[in-house]
Amino acid sequence: MLLKKKIPMKYVLGKIKVELVLVLLYTIGFELVHHYYHALSIDIPIAVPTIIGTIISLLLAFKSNQAYDRWWEARIVWGAIVNDSRTLIRQVIGFYEDPDFSVEASDFKERFAKRQAAWCYSLGMSLRGKDPLQPIKSLLTEEEYNFVKKHKHVPNALLLLHAKELKKANNQDRINVYQQVEIDNTLSRLCDSMGKCERIKNTVFPTTYSMYIRFTLLLFLTLLPFGLTDFLGWLQIPLVTTIGAAFFLIEKMAIHLQDPFENRATDTPMISISNNIEKNLLQMVHEYRDEHNADDDMFESPKLNHMQPEKNAYFVL
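Bear in mind that the values here come from a model prediction, so they are computed numbers and not experimental data.

About the cut-offs
- Residues numbered from 1 in each chain as written.
- Predicted model: local features only at pLDDT ≥ 70, side-chain atom pairs only at ≥ 80, totals over all residues.
- Heavy atoms only, no water.
- Helix = DSSP H or I, 4+ residues; strand = E, 2+ residues; numbered from the N terminus.
- Expected span 1.5 Å × (residues − 1).
- Bend = angle between axes of the 7 residues up to and from the residue.
- Axes fitted to C-alpha atoms, helices over the stretch in contact; angles between N-to-C directions.
- Parallel < 35°, antiparallel > 145°, perpendicular 65-115°, else oblique.
- Left-handed = near helix turned anticlockwise from the far one by under 90°.
- Contact = heavy atoms within 4.5 Å.
- Core = buried A, V, L, I, M, F, W, Y, C linked by side-chain atoms within 4.5 Å.
- Buried < 20%, exposed > 50% of the residue type's maximum accessible area, 1.4 Å probe, protein only.
- Salt bridge = Lys/Arg side-chain N within 4 Å of Asp/Glu carboxyl O.

### Here's the deal with helix H8 (residues 207–232)
With 26 residues, H8 should reach 38 Å at 1.5 Å per residue; the first-to-last C-alpha distance of 37 Å fits that figure. Taken as a whole, H8 carries its principal kink of about 30° at Phe 226. Just past H8, the residue Gly 233 takes up positive phi, approximately 65°.

Following this line, the structure appears as structure tokens:
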């Protein structure tokens, strides 16, 4: 999930520790050879690595922008999932005919809300390559759970259950055909959002682009000591290492942002969003029910957000 607090420097440098060690060893070895074997010294004008550094800066800026666009698109899609989930349950509550406020109708709406929350959890887990059934068992009936576990694509199976329930409600004259079509349009938007997430997940960022940037960066760091050693001497070791760290960190940031569903600290916070969706949907259902059954004690108090933090630890890094 996305971290809101300050990220520890140990975590940041840990992402590039191999590159930093290699750059440090190279600069130390270069300075030792240059200091003790002057006959082997080669001076390169500082303008040469400067030009290469400018090219790298442009390439990294472009890659960072493209990577952030992918991350932001993923966040926009999940924002649409939040809105459509609320719309879905509002439509179910508003359209379902229930003049007597029966237990059957209340159970129908609550099952719909829990099933939609389960869809959000299962989609987030499947995008991260984890078991989509793990967090949803307590949200589904035994019959529903047995149905979805037979499907390879669990979120799609849950949308299918939504459609079956709508058809059943239409056959029982609980909703009319126009209301069924309207709710089905909302389900179609949820399906579209699911497809957009899968497109982002399955579209690989061009590997040749990253390879060319890495090659140019290594060339820059290889030539940089030749242009600095006559001016700085041994001080070029920490300077080159620091410059290399800056470029490697920018490159690593872009690599992480370009894949927003890989269970990293820079991920789209899908499980946190799903927790909020579950809470909102069940509150909508229970507030509607309690409004018409304030004095009826046959309903239990709502139990919102079934995913407790300690049980939800596998969703974060």
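Next comes the rest of the account.
### Some thoughts on the packing of helix H3 (residues 47–95) against helix H9 (residues 236–257)
Contact geometry of H3 with H9 gives a least axis separation of 8 Å together with a crossing angle of 25°. Considered as vectors, H3 and H9 are oriented roughly parallel to each other. Crossing of H3 against H9: the hand is left-handed. Between H3, through Gly 53, Ile 56, Ser 57, Leu 60, Lys 63, Ser 64, Ala 67, Tyr 68 and Trp 71, and H9, the contact on the second element is made entirely by Phe 247, Ile 250, Glu 251, Met 253, Ala 254, Ile 255 and Leu 257.

### As for the nonpolar core
If you look at the biggest cluster of nonpolar residues, it comprises 50 residues, and the most contacted ones within it are Trp 78, Ile 81, Ile 89, Trp 119, Val 148, Leu 158 and Phe 261. If one sorts the elements of this core by residue count, helix H4 (residues 103–127) sits on top with 12 residues. The residues touching Val 148, leaving out its near neighbours within four places in the chain, are Leu 133, Leu 140, Val 154, Ala 157, Leu 158 and Leu 161. Membership of the second largest hydrophobic core comes to 19 residues, among which are Ile 16, Ile 52, Phe 205 and Ile 213.

### A few points about the pattern of salt bridges
The tally for this structure, following the rule as stated, stands at 12 salt bridges. Linking Arg 214 and Glu 251 is a salt bridge whose minimum nitrogen-to-oxygen distance equals 2.8 Å. With Arg 214 in helix H8 and Glu 251 in helix H9, the pair connects residues that are 37 residues apart, well separated along the chain.

As far as function goes, none of this settles anything; it's purely spatial.
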